[in-house]
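Each chain is listed here by its residues.
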Amino acid sequence: MSVGLSQERLDAKAKVTGRCRFTGDLALPGTRIAKYLHSNIAHGRVVDIDTTEALAMTGVEAVFTFADIPRIPFATAGHAFNLDPAARDKEDRLLLTDYVRYHGDEIAIVVAVDGLTASKALKKIKVTYKEYPALLNHEQALDTAAMELHKGSANQVGEHSYQCGDVPAAVASADISLKGQFQTQMVQHCHMENHIAWAYMDDTDHIVIMSSTQIPHICRRIVSQALDIPMSTIQVIKPAIGGGFGNKQDVVLEPMVAFLTKKLGGVPVMLELTREECLSSTRIRHPFRVNVECAVNNDGTLKALAMDVSSNTGGYASHGHSIAKAAGSKVVPLYPNAALSYQAVTHYSNLPSAGAMRGYGSPQLVYAVESIMEEAARKIGMDSLDFRLKNVAQTGDTNPLTGKVIESAGIRECLIKGRETFGWDQKKQEHQAFKSGNIRRGLGLACFSYGSGTYPASVEIAGARMILNQDGRVTVQIGATEIGQGSDTVIAQMASERLGIPVSAIRVVSTQDTDTTPFDPGSFASRQTYIVCQAVAETGDLLRQRILEHASTMLELPVEQLTISEDAVFNGDKTVRLSLNELALDAYYHKTRGQQLTAEVSRKVTTSAYSYGCTLVEVEVDIKLCQLSILGIRNIHDSGKIINPDLAAGQVYGGVGMGISGALSEELLADPETGWIYNNNLLDYKIATMMDSPDISCDFVETHEPTAAFGNKSLGEPPLLSVAPAIRNAILDATGVAMNQLPMSPKALFNAFRDAELI
Amino acid sequence: MFPIDQYHRANSIEQACHLLAENPGSKLIAGGTDVLIRLREGKSGFGSLVDIHDLDELTGITHTPDGMLQVGSGVTFTRLINFLKSDGLLPALVEGASSIGGPQVRNMATLGGNICNGAPSGDSAAPLLVFDARVTLQSQRGKREVPVEEFYAGPGKVHLEEDEIVTQFSINPESHQNTGSHFYKYAMRKAMDIATIGCAAACKLEDNRIESLRLAYTVAAPVPKRCRVLEEQVIGQPVSRKLIADIASMVLEELSPRNSWRASKDFREHIIRTLADRVVSEAIIRAGGQL
């Protein structure tokens, strides 16, 4: 039995001893280095590009520009293919461009014998631009007179709306209603390992791509489309990854390295982005502008929420409108009994391209919704926690958007547990002494709901294969990708649970290889544990059955009398023992009976499960210094059954830390006139350091989700969703100042405190 | 890979001076925490290096019985912090040095490098200014000594000739004995950050009156700057909340913070005033004053 125990990560020792091999560690001798030439303007056209001098340099093997690449527009978003053409992602990218859509756009590429030579060659390329005015926000991009960044788009990527219940009527009949506008910023994933990929050819028509990707199988499909070559001639291999947070749920480098090796006769070519390139020329989080209206009755009943979102996807669509769409659907299961309306538009702009990032639109929307909820609680004079208790979902409620019953909802229990373990009421009392003077204290709270996987927006499919090795141990292959979150470990625990053998006898192959790995779209949407568990459980059952059948043959006992425990098969009273090692040798090598014992299952999942949780935070504000300290922060989660408590807590610490950093300091800054990116480096992009991270604590409320094999729900993205609004609400509680724009940095606090005449 | 065209290792100060004279346009490299960043960025002017890191002659710290303090330019911040802390010396410099980068940076970065890069934000600069530190320079032409305050020439510029090397910083006994001092780095992060404003104060009291106050800021002018006029005006004044408020209201007259995308002028001005209050108050309290 392993599910529910804090099994040590399978890769822990390999990672801390440095034996784990990442994409860059695996380069072949003679690997050439490629480097992009990025535009140094945000909007314009390349009218002339002279590569002569660069090409003449010793060590430079090739320089390619827009003139040299295939004219096949492709979509980069790492979604599973959609059979409905209308539901597919926007095909708006080429390998290189002569139309510059953001500062950092890719206009040429150099291939050289080493990185230094490539960097020097970039400086020799002479580019002449014709500059256009930069379109940076909703008004500029959607102005009818604005230039189209992509022909025929009117600068709009998508729009949609939904209505659950009669919102206007609910607002009209409510005791009070209030409105607010909230704006979120550009933030970036800052995964530790930058984007890197390299490719070579091992035959006249076969390309091998090694990449730090969350989505090997999808990557292969997109490369095939971008280069117009058959999918089976491409092999994508994903070794160990140093983080992704969604930024590697996008095909960023792979089509280019495949193109380059093909052009250069199959020699290995590597693209490894610098931190600066990663910050502004891969993907970022979509900035949202959210207008929200909230209607409540004086008794604390939430009557209606009306949300209006404008999402800025930057120069290229990438995940585009899917972000605003997902965010809109995932907020419904939190307050399913109120009337809800949502409308959203996603537009292009001359900012860096926005894609998938942990939370996928929800952090932005939850910030707005949970901020207006706080305002509503204050307006009716009700404790914020009591107000939530009165309105959140309960098991058995119906999700009005899907019409399906919510099978498990532990948000009430999360709030009750949080109130007690965080000391909410006691702190509230103590804070009365900190509501004037320079040092103020406040409490904040925010809730969230989230999905598990992408169904019904997208197909959900997962595959697992298990092989009984000759030594009686089991090798597990899955299509799901370990990207640092610990999925390999929980998959081993699930396999152990079903097979009856310990995790120490299970090897999970961490590398995905599209030539051999079962199909799975990859790591995103907090889907791994929930979606993969079905395939893993069934595969485990199948292999267990085959092992027992072979044991039955060997022992001449009926299968029903046999069980697997630890490293052997036993009969009912344990008087007969057959080691798995002996059994395996027999199955492989007996001259007449048996076979290699394997099992493989590919399974589609046609459900989603809602996970819930909340953040409780206590802050102290030094008004004059415009500085905020987090005195305590606690997340309480309902993620169903917790497969591995230590790994789950790790997810929460990481997510809350990321949430705090995004709430208080991170901001990719663009010049408001030109779109020039000021701070694509980690000195000026203020991601929090360990010194800035407070102690984070967490709790779990373990509900049982009947649609999952082990009762489990999502946890990868949820921990950061409610952090920013909780902090915002705590600042409001401490100072009376509402921070309706992110980040809530000292600079922003200075302006807000000055406007409020606190300083 | 770095674009280094020429590299020489010096084994003594004399040899370093010789190498600098022989190879005009060369840059010194000690801890490398600034130079390697410039090289990575492909900045010109760093292709020829003279390496002086860990040179014995540059890594000494002496504190004579009479209170004279001499710190070699090649002393790393980690060593400097440990030395000063164990002897209970120069709290403002300990605080300034401790605010630099992170542990790994402080293990490599040197006091000489932090001053010679000329940054208006150098975290050791304001403490050195309030302790009236002097810098010793050497070349084949001879030795000279100037106050650190005068060593700064402009943003990113110091009065260091191409053939010269900074060998030592010295602080006189009267500049730090019987003195209360404090430094505060106001930044967006608690580590690995550039100061938005840095402020150091050193204060001597007599009968709860100001005998001397030295106040310096970083990022508040093109170079790290002492508030000389204010310092003169407060001599002899009794310590009080009113005095602190006066200091905070006067301090901007000698400073000229920039308006930039990193921080607006009015924000920096507000922080300068607020830090004048906080940092001077703490220095006074550490000098034994009553507020």
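Residues numbered from 1 in each chain as written. Chains lettered and ligands numbered in written order. Predicted model: local features only at pLDDT ≥ 70, side-chain atom pairs only at ≥ 80, totals over all residues.

*Asks:* Is there a simple way to think about the overall build of chain B in this case?
*Replies:* Of regular secondary structure, chain B possesses 12 helices and 14 strands. Scaling as 2.2 N^0.38, a compact globule of 291 residues should have a C-alpha radius of gyration of about 19 Å, and chain B matches this with 19 Å. Seen through its C-alpha atoms, chain B measures out along the principal axes to roughly 60 × 50 × 35 Å. Looking at chain B residue by residue over its 291 residues, the buried ones come to 49%. In chain B, 66% of the contacts between residues at least 6 apart in sequence involve partners at least 24 apart. (Helix = DSSP H or I, 4+ residues; strand = E, 2+ residues; numbered from the N terminus. Rg over C-alpha atoms; globule rule 2.2 N^0.38 Å. Buried ≥ 20, exposed ≤ 12 C-beta atoms within 10 Å, placed from the backbone. Contact = placed C-beta atoms within 7 Å.)

*Asks:* What's the story with the domain arrangement of chain A in this structure? I'm lost.
*Replies:* Reports often express the size of an interface as the amount of accessible area lost when the parts come together. All names here are of chain A. Assigned domains within chain A: domain 1 (12-132 + 195-272), domain 2 (288-455 + 607-755) and domain 3 (461-604). Computed from C-alpha atoms alone, the centre-to-centre distance between domain 2 and domain 3 is 39 Å. The residue makeup of the side of domain 2 that touches domain 3, split by class, is 11 nonpolar, 8 polar and 2 charged. (Domains from an automatic or database assignment. Nonpolar A, V, L, I, M, F, W, Y, C, P; charged D, E, K, R; others polar.)

*Asks:* Quick question: what am I supposed to make of the domain arrangement of chain B here?
*Replies:* On domain assignment, one finds that chain B holds domain 1 (6-51), domain 2 (60-174) and domain 3 (178-286). Between the C-alpha centres of domain 1 of chain B and domain 3 of chain B the distance comes to 35 Å.

*Asks:* Got a minute to help me understand the interface of chain B and chain A in this structure?
*Replies:* Taken together, the contacts link 14 residues of chain B with 20 residues of chain A. Residue composition of the side of chain B that touches chain A, grouped by class: 9 nonpolar, 3 polar and 2 charged.

*Asks:* What's the story with the sheet that holds strand 1 (residues 32-38) of chain A in this structure? I'm lost.
*Replies:* What links the strands of a sheet is backbone hydrogen bonding, and the strands pair in either a parallel or an antiparallel sense. Residue and element names in this part refer to chain A. Sheet architecture is open: 8 strands sit in the order 3-5-1-12-9-10-11-22, paired in mixed fashion. Only two strands of the sheet have a single neighbouring strand rather than two, namely strand 3 (60-65) and strand 22 (512-513). Pairing analysis gives 4 bridges linking strand 9 (residues 196-203) to strand 12 (residues 269-272), with the strands arranged antiparallel. Considered in strand 12, the bridge of A197 is made with L271. With respect to the sheet, helix 3 (residues 115-122) is in contact with strand 1, strand 3 and strand 5 (106-112), its orientation differing from that of strand 1 by roughly 25°. Sheet strands touched by helix 6 (residues 216-227): strand 10 (206-211), strand 11 (234-238) and strand 22. Its angle to strand 11, the strand with the most contacts, is close to 145°. (Pairing = 2+ DSSP bridges. Axes fitted to C-alpha atoms, helices over the stretch in contact; angles between N-to-C directions.)

*Asks:* It is not clear to me how the nonpolar core should be interpreted in this structure. Could you clarify?
*Replies:* Among the nonpolar cores identified, the biggest contains 240 residues, and I491(A), I727(A), C199(B) and A201(B) are the most heavily contacted of them. Excluding its chain neighbours within four sequence positions, the residues that come into contact with C199(B) are A126(B), F183(B), Y184(B), Y217(B), L275(B), A276(B) and V279(B). In terms of nonpolar packing, the next biggest core, distinct from the first, is built from 75 residues, I41(A), Y102(A), I222(A) and L279(A) among them. (Core = buried A, V, L, I, M, F, W, Y, C linked by C-beta atoms within 7 Å.)

*Asks:* Could you clarify how one ought to interpret the sheet that holds strand 26 (residues 598-604) of chain A in this entry?
*Replies:* Residues and elements named next belong to chain A. Strand order in this open sheet of 4 strands is 21-20-19-26, and the pairing throughout is mixed. Taken across any chain shown, the strands that pair with only one partner, and hence form the sheet edges, are strand 21 (506-509) and strand 26. On average, each strand axis in the sheet is tilted by 15° relative to the strand beside it, whichever way the strands run. Note that strand 19 (residues 461-468) and strand 20 (residues 474-478) share 5 bridges and pair antiparallel. Looking across to strand 20, one finds that R465 is bridged to Q477. Packing of helix 15 (residues 528-555) onto the sheet brings it into contact with strand 19, strand 20 and strand 26, and relative to strand 19 it is tilted by some 30°.

*Asks:* How should the environment of H79(A) be read in this particular structure?
*Replies:* All names here are of chain A. With respect to the element layout, H79 can be found in the loop between strand 3 and strand 4 (99-100). Note on H79: 25 C-beta atoms within 10 Å, which makes it buried. Separated by 617 residues in sequence, H79 and I696 place their C-alpha atoms 33 Å apart. The residues contacting H79, other than those within four sequence positions of it, are D89 and S458.

*Asks:* Honestly, the confidence of the model for chain B in this entry has me stumped. Any pointers?
*Replies:* Close inspection of predicted coordinates is inappropriate in any region flagged by low pLDDT. Chain-level statistics for chain B give a pLDDT mean of 97 and a share of 100% at 70 or above. As scored by the predictor, the complex reaches a pTM of 0.97 and an ipTM of 0.96. (pLDDT = per-residue confidence, 0-100.)

*Asks:* Teacher, can you tell me more about the packing of helix 3 (residues 77-86) of chain B against helix 4 (residues 91-98) of chain B here?
*Replies:* When two helices pack together, you describe them by how their axes are tilted relative to each other and by the distance separating the axes. All names here are of chain B. Running from N to C, helix 3 and helix 4 cross one another at 150°; their axes reach a closest spacing of 9 Å. Accordingly, the angle class assigned to the pair helix 3 and helix 4 is roughly antiparallel. By crossing handedness, the relation of helix 3 to helix 4 is classed as left-handed. For the pair helix 3 and helix 4, contact is made by F77, L80, I81, L84 and K85 and by L93, V94, A97 and S98, respectively. Across the contact of helix 3 with helix 4, the residue classes break down as 7 nonpolar, 1 polar and 1 charged. (Parallel < 35°, antiparallel > 145°, perpendicular 65-115°, else oblique. Left-handed = near helix turned anticlockwise from the far one by under 90°.)

*Asks:* How should I be thinking about unusual backbone geometry in this particular structure?
*Replies:* Note: most peptide bonds trans; most residues except glycine with negative phi. All names here are of chain A. Residue P456 is reached from Y455 by a cis peptide bond, and omega for that bond is 10°. Relative to the assigned elements, P456 resides in the loop between strand 18 (439-450) and strand 19. The amide bond that connects L742 to the next residue, P743, takes the cis arrangement and shows omega of 0°. Assignment of secondary structure puts P743 in the loop between helix 18 (723-735) and helix 19 (746-755). Despite not being glycine, Y360 has its phi angle at roughly 50°, a positive value.

*Asks:* Looking at this structure, how should I read the packing of helix 10 (residues 362-379) of chain A against helix 18 of chain A?
*Replies:* Residues and elements named next belong to chain A. As a packed pair, helix 10 and helix 18 sit with axes 8 Å apart at the nearest point and diverge in direction by 30°. Taken together, the axes of helix 10 and helix 18 lie roughly parallel to each other. The chirality of how helix 10 crosses helix 18 is right-handed. Contacts between helix 10 and helix 18 involve P363, V366, Y367, E370, S371 and E374 from the former and A724, P725, R728, N729 and L732 from the latter. Looking at the contact of helix 10 with helix 18 residue by residue, the classes come out as 6 nonpolar, 2 polar and 3 charged.

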